[in-house]
Amino acid sequence: MLVGPDQYVDVYKSIKEELYSSQEKKVSVFVATDSCDSVCATKTLQSVLHRDSVPFALYPVSKYSEVQQLCKDVFSGGEQELQTLILINCGATEDVAKLLDITSNIRVIVIDSHRPFHHNLNDENTNFMAFCNPADGTCDDVPEADMSSDSEGEDEQEFEDDAENEYIRANRRQRVSSDSSHSGISRQKDGGKDRRERRHKRKEYYQQGVLSGEPATCVLYKLATALHLEDNHLLWLSILGLTDHLVHQRIPNELYTLWLLEHQDAVRNSNTGDSYTEIVVPRPGEEDAPTTTTVSKPLYGKISPIDDYRFPLMRHWSLYEAMLHSSYVAVRLQTWHDKGRRLLQEMLVKMGFPAPQFRQKWSK
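This one's a predicted model, so the numbers in the text were calculated from it and none came from an experiment.

Caption draft 1: Summary view of the overall build of the protein chain. Scanning the protein chain from N- to C-terminus turns up 13 helices and ten strands. Every one of the 364 residues in the protein chain was classed for burial, and the buried ones make up 40%. In the protein chain, once contacts between residues fewer than 6 apart in sequence are set aside, the share between residues at least 24 apart is 65%.

Here it is as structure tokens:
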């Protein structure tokens, strides 16, 4: 079941209420260790669960074989109560029910930026839910889930020839009634046509290639915001997750700009002004009037937007190393060749930077 942003809170509250009602229930979190977004999403989810005193267990995974083995180990006790499994940055592209071979007493929540979604997630089964944001355009055309009559062993040729084969077999049978035979053939051909249409839609959907949706950290930050648990720390984690997708070119510039504007609004709302007014109210029985004091906000933890160059780790490297490893400079000067590196050095010299300066570490 695909779950939109307006349902995030309902899903989380249902999990929390069920956990509070039983000591046997638990939350297990499997997180992929392949990106900065996964780490930031895990920290965000931990913060939300800690603030609501929700017990959970965290398991890092690097491949689906580890997910399968952990699922067998964690849920091998035969619990009767409904358990919750959260998958962070894994599971969206797989048939989770088949992959994990889990029972009906386990609810799986997928928070994954990898696309395309597996079509079996697009059903009404509330035991398998995937968080998605229609704004990224990756959850609108997800095909319908498998029908009960569809066989997993059928290949594409069998789908294409299904109606024709049924028609030939029907003609070889002895016809008892011409009306009944024609109606039977018609139903068989309609069923084959429906299967071919579903197969064609899935083929078009998966031919779009590997994509990325909204970062998992941004999804969980929206959940924290809806629960009124947001703060600068979670906002910074969300910014890191979004930047991770930009640096590794997982999302187009249009989507990055859209989510960048949302984060800029959040930064302005939570980091306004350099000071705030504190009102001191007298204790009961004291006759002193309330006093007001202007308190300066601490610089630690404050987020300030700045315009910066797209040079990776410039404050940890030298200017030359940062430009050398920048994708924007590398593709134009071909810095993987000696000639390209010489061109980069000549360009810096023409800009007025002596060689000792542009090779000097930024920290110095």
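Next comes the rest of the write-up.
Caption draft 2: Quick peek at the packing of aromatic side chains. Counted under the stated rule, the structure contains five aromatic pairs. A ring pair is formed by Tyr 8 and Phe 131, whose centres lie 4.5 Å apart and whose planes are at 15°; its orientation type is stacked. A residue pair is termed long-range when its members are at least 10 positions apart, and Tyr 8 in helix α1 (residues 8-21) and Phe 131 in strand β7 (residues 128-131) qualify at 123 residues. Comparing Tyr 8 with Phe 131, the two get one shared label, buried. Relative to Phe 358, the ring of Tyr 320 lies with its centre 5.9 Å away and its plane at 40°, an arrangement referred to as tilted. You can see Tyr 320 sitting in helix α10 (residues 319-324) and its partner Phe 358 sitting in helix α13 (residues 355-358), a full 38 residues away along the chain. Each member of the pair Tyr 320 and Phe 358 is classed as buried. Positioned over the ring face of Tyr 320 is Arg 359, at 4.4 Å from the centre of the ring.

Caption draft 3: Inspection of the environment of Leu 255 at higher detail. With respect to the secondary-structure elements, Leu 255 resides in helix α9 (residues 253-270). Beyond its immediate sequence surroundings of up to four residues, Leu 255 is in contact with Ala 135 and Asp 136.

Caption draft 4: Summary view of the packing of helix α2 (residues 36-51) against helix α7 (residues 216-226). As a packed pair, α2 and α7 sit with axes 8 Å apart at the nearest point and diverge in direction by 20°. Classified by the angle their axes make, α2 and α7 are roughly parallel. The interaxial crossing formed by α2 with α7 has left-handed handedness. Contact residues: Asp 37, Cys 40, Ala 41, Thr 44, Leu 45 and Val 48 in α2; Ala 216, Thr 217, Leu 220, Tyr 221 and Ala 224 in α7. Considering only residue class, the contact of α2 with α7 consists of eight nonpolar, two polar and one charged.

Caption draft 5: Structural detail: the pairing of β7. Alternating positions in β7 separate into two faces, Phe 128 and Ala 130 on one and Met 129 and Phe 131 on the other, with burial throughout. For strand β1 (residues 2-3) and β7, the ladder comprises two bridges, and the chain directions are parallel. Each residue of the ladder has a partner; that of Val 3, found in β7, is Phe 131.

Caption draft 6: Structural detail: α7. For α7, the tally of buried residues reaches eight of eleven residues, placing the bulk of the element in the interior. Every buried residue of α7 is accounted for by Ala 216, Thr 217, Cys 218, Val 219, Leu 220, Tyr 221, Leu 223 and Ala 224. With its phi angle positive at about 60°, His 228 sits one or two positions after the end of α7.

Caption draft 7: Representation of α2 in the model. Look at α2: 23 Å from first C-alpha to last across 16 residues, which is about the 22 Å you get at 1.5 Å a residue. Buried within α2 we find Asp 37, Ser 38, Cys 40, Ala 41, Thr 42, Thr 44, Leu 45, Ser 47, Val 48 and Leu 49. On its buried face, α2 sits against α1, β2 (27-32), β3 (56-61), β4 (83-88), α7 and α8 (232-247).

Caption draft 8: Looking closely at the pattern of salt bridges. Under the defined criterion, the tally for this structure stands at nine salt bridges. Residue Asp 136 is joined to Arg 115 by a salt bridge in which the shortest nitrogen-to-oxygen separation is 3.9 Å. Taken together, the residues Asp 136 in the loop between β7 and α5 (156-172) and Arg 115 in strand β6 (residues 114-115) connect sequence positions 21 residues apart. Between Arg 250 and Asp 244 there is a salt bridge; the shortest N-O distance is 2.7 Å. Assessed through its relative accessible area of 27%, Arg 250 is described here as partly exposed. Taken together, the shared-partner salt bridges in this structure form one network comprising Glu 214, Lys 222 and Glu 262.

Caption draft 9: Molecular detail of the packing of α2 against α8. Two elements in contact, α2 and α8, have axes separated by 8 Å at closest approach and are oriented at 160°. With respect to each other, α2 and α8 are oriented roughly antiparallel. Here the hand of the crossing between α2 and α8 comes out left-handed. In contact with Cys 36, Asp 37, Cys 40, Lys 43, Thr 44, Ser 47 and Arg 51 of α2, α8 contributes Leu 234, Leu 237, Leu 240, Gly 241, Asp 244 and His 245. Residue composition of the contact of α2 with α8, grouped by class: five nonpolar, four polar and four charged.

Caption draft 10: Focus on the confidence of the model for the protein chain. In the predicted model, the protein chain carries a mean pLDDT of 80, and the fraction of residues at 70 or more is 77%. Low confidence marks residues 149-164, where pLDDT is under 50. Its contacts with residues over four positions away, or in another chain, come to 19 contacts. Per-residue pLDDT stays below 50 along residues 172-180; that stretch engages in one contact with residues further than four places along the chain or on separate chains.

Caption draft 11: Region of interest: the pairing of β3. Inspection of the sheet shows β2 paired to β3 by six bridges, in the parallel sense. Bridging across to β3, Val 29 finds its partner in Leu 58. Regarding the hand of the β-α-β motif, the stretch spanning β2, α2 and β3 is right-handed.

The rules behind these values
- Along each chain, the written sequence defines residue order, and numbers are assigned to residues from 1.
- Two thresholds apply to this predicted model, a pLDDT of at least 70 for residue-level local features and 80 or more for giving and counting side-chain atom pairs, whereas whole-chain, interface and lining totals are computed over all residues.
- Calculation of side-chain values draws on the structure's entire complement of heavy atoms; hydrogens and water are dropped beforehand.
- Strands here mean DSSP runs of E at least two residues long; helices mean DSSP runs of H or I at least four residues long; both are numbered from the N terminus.
- Relative accessibility thresholds used throughout: buried, under 20% of the residue-type maximum; exposed, over 50%; partly exposed, between the two (1.4 Å probe, protein chains only).
- By definition in these notes, contact holds between two residues if any of their heavy atoms fall within 4.5 Å.
- Each pair of aromatic rings taken from Phe, Tyr and Trp, with Trp reduced to its six-membered ring, is defined by centres within 6.5 Å and is described as stacked if the planes are under 30 degrees apart, edge-to-face if over 60, and tilted in the remaining cases.
- To sit over a ring, a charge needs its Lys NZ or Arg CZ within 6 Å of the ring centre and within 35 degrees of the ring normal.
- The angle between two axes is taken between their N-to-C directions and runs from 0 to 180 degrees, where each axis is a line fitted to C-alpha atoms and a helix contributes only its stretch in contact.
- When describing relative orientation, an angle under 35 degrees is termed roughly parallel and one over 145 degrees roughly antiparallel, while 65 to 115 degrees is termed roughly perpendicular and anything else oblique.
- The sense of a crossing depends on the near helix, which, turned anticlockwise from the far helix by less than a right angle, makes the crossing left-handed and, turned clockwise, makes it right-handed.
- Lys, Arg, Asp and Glu make up the charged group, whereas Ala, Val, Leu, Ile, Met, Phe, Trp, Tyr, Cys and Pro make up the nonpolar group; the residues left over, Gly among them, are polar.
- Two strands pair under a simple rule: DSSP has to find at least two bridges between them.
- Residue count minus one, scaled by 1.5 Å, sets the expected span of a helix.
- Salt bridge, as used here: a side-chain nitrogen of Lys or Arg that lies within 4 Å of a carboxyl oxygen of Asp or Glu.
- The predictor rates its confidence in each residue with pLDDT, a number between 0 and 100.
- We call a crossover right-handed when, viewed with the strands running away from us, the connection from the first strand over the helix to the second turns clockwise.

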